[in-house]
Amino acid sequence: MSDSAAPPRPPLGAQQFTTACDYCVVGCSYRVWRWPTDARGAPDPSVPFANPAQHNVVQWQGRPHHVLVLPDAQVSTVNPAGNHSMRGGTLAQKCHNSANRTRERLSTPLLRVNGSLQPVSWDTAMQVMATVSKHVLARQGEHAWGIKAYSYQYFENTYAITKLAFDGVGTPAFAPHDKCANTNDATGLDDAGLEAFAPSYHDWGACEVLYLSGTDPFETKSTLFTSWIMGGAHSDKRLIFATPHRTMGVAWAEQRGGLWLPVIPGTDTLLHNAIARVIVERGWQDQAFIDEWVAQRWEVDQGIGRGTRNTGWQWRTTWGTWQSDWADYCKFLLSRDEHRLADAAAVTGVSAALIERAAELLARPRADGTRPKSSFMLEKGNYWSNNYMNSASFAAMGLICGAGNRAGRVIGRGGGHQRGMVSAPGYPDWLSPEKYPGRRKKPLNLDHWLMSGQLRFAWVFGTTWIGAMAASGELERSIARLTTEQAHQPQRTDAASAAAALIARADAGGMVLVNSDIYPVEPLGTRYADIVLPAATWGEEDFTRCNGERRLRLYSRFADAPGQAKPDWWAVQAFAQRMGWGERFAWRDSNDVFEEAARHSKGTPYDYFELVRRAREQGQRAHELLRTLGGDGIQTPIHRVGDNLAGTQRLHDASLAAGTTQAASTSGAWRTRLAHCFNSHSGKALLLKTPWEFPGWLQFYNAVKPRADKHELWVTNGRINEVWQSGFDDRRKPYTAARGLAQLLFMNEQDAKARGIANGDTVRITNDTVYVQQGMFFGVAADDLDFNSLLAKGHIKVAQGSFDAVAVLDPGMRAGVTKAGFNHSGHQANVVCHAVPDPMTNNYRYKLGRGRVERVGRADPAGETAHGPSLKPRGLV
């Protein structure tokens, strides 16, 4: 069948399955129809129209079957009426089909022998891994054995992986896919008592004003934007975007009375504080909300005691630099020159008039005294530039506007991936050699640990470790030095010989690398991995996870995995059994993992224990009970109302506070206070100060600014609607592959003209001073992790990085700032970003790259074609 031919229609009686999209955080609901290719019969007239990108041929029980994957028009939540993004609209094409490029799926374990990957059995791969691991753990200890893994790819897998790391091996050498350490994302929200995914999609739809920091949901969360933000209960809302790029959602907002605040990367903290100062100076704050829901100074300390205050949220929220209450916060805002309109405008690049107007839209009461329903959404453009201060100041700005715990008045993340992490307990932070000043617990930085030669065995699950991390060129050089450049390499495929060679390498200071994924990963799997394991993915196993409003659903199995590919939970179990831990890893199927993990979800925003308990009471498997809930699923935390399961629309919900009518009508035991109060000892939110001159921030920021004498520009990064993540699927799905996946660099037209660059030219972006923090640090003095102190003590290495891209001249790109695609597999933008984590949170600041941009090739004189990427500006409406 040609790509343009109409797909076949399913016959009456074709099997149907509910699932959800595999891609962005929105998690649109989908329905799958499957029937044998040789089936005959009248077509089912109730099946909606499908386009060719929504059809595929898969294998099921060894026989070819048609599948249609269409938005589920039967649901009332998430994507009502069958709305979807172009990513979800091509879901069917992600399924394995030997007739197209999805044939490149990994289908058998591979072992690198004499420099090339050779097929081996699962038994051989597991035997080699277990033999080497036992030796490493006995000789070098648990610190030398690490895991880098996704945090989103289904509860069953993430629970198994973290159980292996924390319970099996007991290692602190663990980091999620997007971080260098096992830390949180928007830590300032956490410290303020706000769960990042507390809001529901209804809340984003019900607000009257929405402040969006570091994100355009149209580009990255399309259905959230088109169904809920453009629509929802208040469809004529005003949107305020703080981002250096005027993309489609921004342009749409400006047409409807919204604002674009073209903020200079890294300066959002000052922007938030300047807006907050205007609000306070003019008495526009929601004082009634503040009096009821913002903690007093004594309430901040409540329950913590006078011990070491060892965990991050304890010492940060009780440390004078950040700790505050309403009176102290007002003094902080009003006493500092940098919060004045003129000063803030000079640093942030946002005019004083726009700052004033933003404050007015967010907080100015109407003539009748009613207040605008304002909500606040942040994403990676915010917390990946100045992690702690940006997210903490953002939380404070929202709180004084009365947001955080009411319908249409919420504060939270927009989200990137779906929420697929249920962690096994017991991350051994006490084993980490790193400490915050004052000898406080700090999770181990896995990148630094590897680069310093301390890691002897690493198992990577479903992530492009190299390209996804800051200073990715330096990380890749370290991985090469520890693996393929080592003298000890397997020469034969038999398990004993291969294990002996890899043990010799580990003993000589090298590292053994295992990569589990669905496709060969460039360059981690293709160039450096010693063992590559084939993973089963979406549609090939029954899986579960939540979306960006904590909606739990079953992602049904409807196709065979290619060859010997297995789900990651199965690979973990097979390895654990070889290690002698079989009794702790004895699952029959993915449902067993799901049910075991349930007790570790208790008390979290993703608590689904009541669903499992109810299934057991009914003599039913938990996956099957969840299946009956269809595409609508249920929002976690799940609780009981009588004999029925009930979901939780939003967290911190003031209407559910004890003693209210709403609380009485939904009486049921929540195990988490998150449902009805803020996540703090007192149940109240915390206001945090964020002084711009904090040396852990300002010293670094001054060091990484673009240098005029070198004609540098900011090099930030982001996503565009057409591409998901590294493009691992998009390069292989026929529809998206035809559009091309070039690395693009969006540039302001004047910046391009000054460098002789035309639209479509190939450019090279070079940073000759990439800062890389090195060594392990035992924090004692307060300034141990300040940038200047690290530099003076020799803990900052200077590296270089460059990548090529196709220039897109865009008048909506702020002057002085460029934006590349994040995590492009062939041209990694993170090579020009600095691997110096935020000292408060141990998170990288990926958005603060810089570089010199030079033309290295002219544009194709034929210009754009229908088979290449669009080179048009993004701000088209």
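Preceding this paragraph is the structure being described.
Here is a short report on the structure shown in this document. (Residues numbered from 1 in each chain as written. Predicted model: local features only at pLDDT ≥ 70, side-chain atom pairs only at ≥ 80, totals over all residues. Heavy atoms only, no water.)

## Observations concerning the overall build of the protein
Here's step 1: In terms of helices and strands, the protein carries 30 helices and 29 strands.
Here's step 2: In summary, the protein has a C-alpha radius of gyration of 26 Å against a globular reference of 29 Å for 877 residues, a match within 12%.
Here's step 3: Seen along its three principal axes, the alpha-carbon backbone of the protein occupies a region of about 70 × 65 × 65 Å.
Here's step 4: Here the protein holds 877 residues, and the buried ones make up 65% of them.
Here's step 5: Counting contacts in the protein only where the partners sit at least 6 residues apart, residues at least 24 apart contribute 77% of the total.
Here's step 6: About 28,900 Å² of surface is accessible on the protein, with carbon and sulfur atoms providing 50% of the total. (Helix = DSSP H or I, 4+ residues; strand = E, 2+ residues; numbered from the N terminus. Rg over C-alpha atoms; globule rule 2.2 N^0.38 Å. Buried < 20%, exposed > 50% of the residue type's maximum accessible area, 1.4 Å probe, protein only. Contact = heavy atoms within 4.5 Å. Areas by Shrake-Rupley, 256 points an atom, 1.4 Å probe, with all protein chains shown as cover.)

## Examining the sheet that holds strand β6 (residues 116-119)
Here's step 1: Taken in spatial order, the seven strands of this open sheet run β6-β5-β18-β17-β16-β7-β8, and their pairing is mixed. Looking at the sheet topology across the chains shown, the edges are occupied by β6 and β8 (174-176). Strand-to-strand twist across the sheet, computed as the mean angle between neighbouring axes with direction ignored, equals 20°.
Here's step 2: As paired elements, strand β7 (residues 145-149) and strand β16 (residues 457-461) share five bridges and run parallel to each other. Bridging across to β16, G146 finds its partner in A458. (Pairing = 2+ DSSP bridges. Axes fitted to C-alpha atoms, helices over the stretch in contact; angles between N-to-C directions.)

## A look at the pairing of strand β28 (residues 817-821)
Here's step 1: With four of its five residues buried, β28 lies for the most part within the structure.
Here's step 2: In terms of strand pairing, strand β25 (residues 744-747) meets β28 through two bridges, oriented antiparallel. Paired with L745 across the bridge in β28 is A820.

## Focus on the sheet that holds strand β21 (residues 634-635)
Pairing between sheet strands relies on hydrogen bonds along the backbone, with the strands arranged either parallel or antiparallel.
Here's step 1: Strand order in the open sheet formed by three strands is β19-β20-β21, and the pairing between neighbours is antiparallel. The sheet terminates laterally at β19 (543-546) and β21, the two strands that pair on one side only.
Here's step 2: Two elements, β19 and strand β20 (residues 551-555), share four bridges in a ladder whose sense is antiparallel. Across the sheet, R545 pairs through a bridge with R553, a residue of β20.
Here's step 3: Contacting β19 and β20, helix α2 (residues 155-169) runs over the sheet at an angle of about 90° to β19.

## Focus on the packing of aromatic side chains
Here's step 1: Taken as a whole, this structure holds 40 aromatic pairs when the rule is applied.
Here's step 2: Consider the rings of Y154 and Y555, whose centres lie 5.2 Å apart with planes at 70°: the pair is edge-to-face. With Y154 in the loop between β7 and α2 and Y555 in strand β20, this pair connects stretches of sequence that are 401 residues apart. Each member of the pair, Y154 together with Y555, is buried.
Here's step 3: Measuring from centroid to centroid gives 5.7 Å for F155 and Y608, while their planes differ by 5°, and the two rings are stacked. (Phe/Tyr/Trp six-rings, centres within 6.5 Å; stacked < 30°, edge-to-face > 60°.)

## Let's talk about α2
Here's step 1: Along its 15 residues, α2 runs 20 Å from first to last C-alpha, staying within 8% of the 21 Å computed at 1.5 Å per residue.
Here's step 2: Following α2 by one or two positions, G170 adopts a phi angle in the positive range, close to 75°. (Expected span 1.5 Å × (residues − 1).)

## Brief notes about the pattern of salt bridges
Here's step 1: Scanning all chains against the criterion turns up 65 salt bridges.
Here's step 2: A salt bridge links E854 to R852; the shortest N-O distance between them is 3.5 Å.
Here's step 3: Of the residues examined, E854 reaches a relative accessible area of 37% and is grouped as partly exposed.
Here's step 4: Here R852 falls in the partly exposed class, since its relative accessible area comes to 25%. (Salt bridge = Lys/Arg side-chain N within 4 Å of Asp/Glu carboxyl O.)

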